[in-house]
Amino acid sequence: TTTVNTTINETGSGVNTYQWTQVGGSNEVEFTDPNIQNPDVSATTEGTYTIQLEVTDNAGNIGSNTVDFTWDTTGPSIATMTDRYEKAEFTQTASTTEAVSWNWSFATTTTSGNVTFGNDTASSTTISADTDAVYTITLTVEDDVGNQSSESFDLTWDTTAPSINIDSSLGTID
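Residues numbered from 1 in each chain as written. Predicted model: local features only at pLDDT ≥ 70, side-chain atom pairs only at ≥ 80, totals over all residues. Heavy atoms only, no water.

A.B. asks: How should the environment of valine 115 be read in this particular structure?
C.D. replies: Along the chain, valine 115 falls in strand β12 (residues 115–117). Note: C-alpha distance between valine 115 and serine 128 (13 residues apart in sequence) is 5.7 Å. The contacts of valine 115, once residues within four sequence positions are left out, are Phe106, Ile127, Ser128, Ala129, Tyr135 and Ile137. (Helix = DSSP H or I, 4+ residues; strand = E, 2+ residues; numbered from the N terminus. Contact = heavy atoms within 4.5 Å.)

Below is the structure:
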């Protein structure tokens, strides 16, 4: 929900009643209380809506005004990012729609280890780690009205070459 903020100028007999109604939009608008000056408002589905406030003063004069608003509760989208196995700095680019801000972060189950992002507030960043471990890399994006979405992938940082032991007891092979 969000609060509708209004200013009423009534210099005569004073305000008697407030009445909020929906006058446009394809689905239902809900008011916490349609009979107060500044109610909370929400909509049942995303879309553009028009609401009207009608104010009646004590002398019976009626004033009204409308406002349009867009109800948007869906966060921006992020394309799935696949798990990675890396040993050196690499570039990760995220494909997003409707995002206006980006924030890269990491988590690991090990107590040591740090991930460095070239630019942790961009859709594309370089990534490196200082310790061999499995890290969960998360990108959180936000749209222009504050809705957020996140997408994660596992980064296995592995700079250790495999160790090889060959059995030297083979002897002579004919």
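Past the structure itself, the notes keep going.
A.B. asks: What am I meant to see in the packing of aromatic side chains here?
C.D. replies: The geometry of an aromatic ring pair comes down to the distance between the two centres and the angle between the two planes. Counted according to the given criterion, the structure contains four aromatic pairs. Aromatic pair phenylalanine 106 and tyrosine 135: ring centres 6.0 Å apart, planes at 75°, arrangement edge-to-face. Pair noted here: phenylalanine 106 is in strand β11 (residues 101–108) and tyrosine 135 is in strand β14 (residues 133–142), with a separation of 29 residues, a long-range link. (Phe/Tyr/Trp six-rings, centres within 6.5 Å; stacked < 30°, edge-to-face > 60°.)

A.B. asks: Looking at this structure, I do not really get the sheet that holds strand β1 (residues 2–3). What am I missing?
C.D. replies: Strand pairs in the sheet, formed through backbone hydrogen bonds, run parallel or antiparallel to each other. Ordered by their spatial adjacency, three strands build an open sheet running β1-β4-β3, and the pairing between neighbours is antiparallel. Sheet topology places β1 and β3 (29–31) at the edges, where each strand pairs with a single neighbour. As judged from the three bridges shared by β3 and strand β4 (residues 40–43), these two strands associate in the antiparallel manner. Along β4, the bridge assignment pairs phenylalanine 31 with valine 41. (Pairing = 2+ DSSP bridges.)

A.B. asks: Explain the sheet that holds β12 to me, please; I cannot follow it from the model alone.
C.D. replies: Pairing within the open sheet is antiparallel, and its three strands lie in the order β9-β13-β12. With one partner strand each, in any of the chains shown, β9 (90–93) and β12 form the two edges of the open sheet. For this sheet the average axis-to-axis angle between neighbouring strands, irrespective of direction, equals 35°. Both β9 and strand β13 (residues 124–129) contribute to a ladder of four bridges, which runs antiparallel. Residue glutamine 92 lies in a different strand from β13, and its bridge partner there is threonine 125. (Axes fitted to C-alpha atoms, helices over the stretch in contact; angles between N-to-C directions.)

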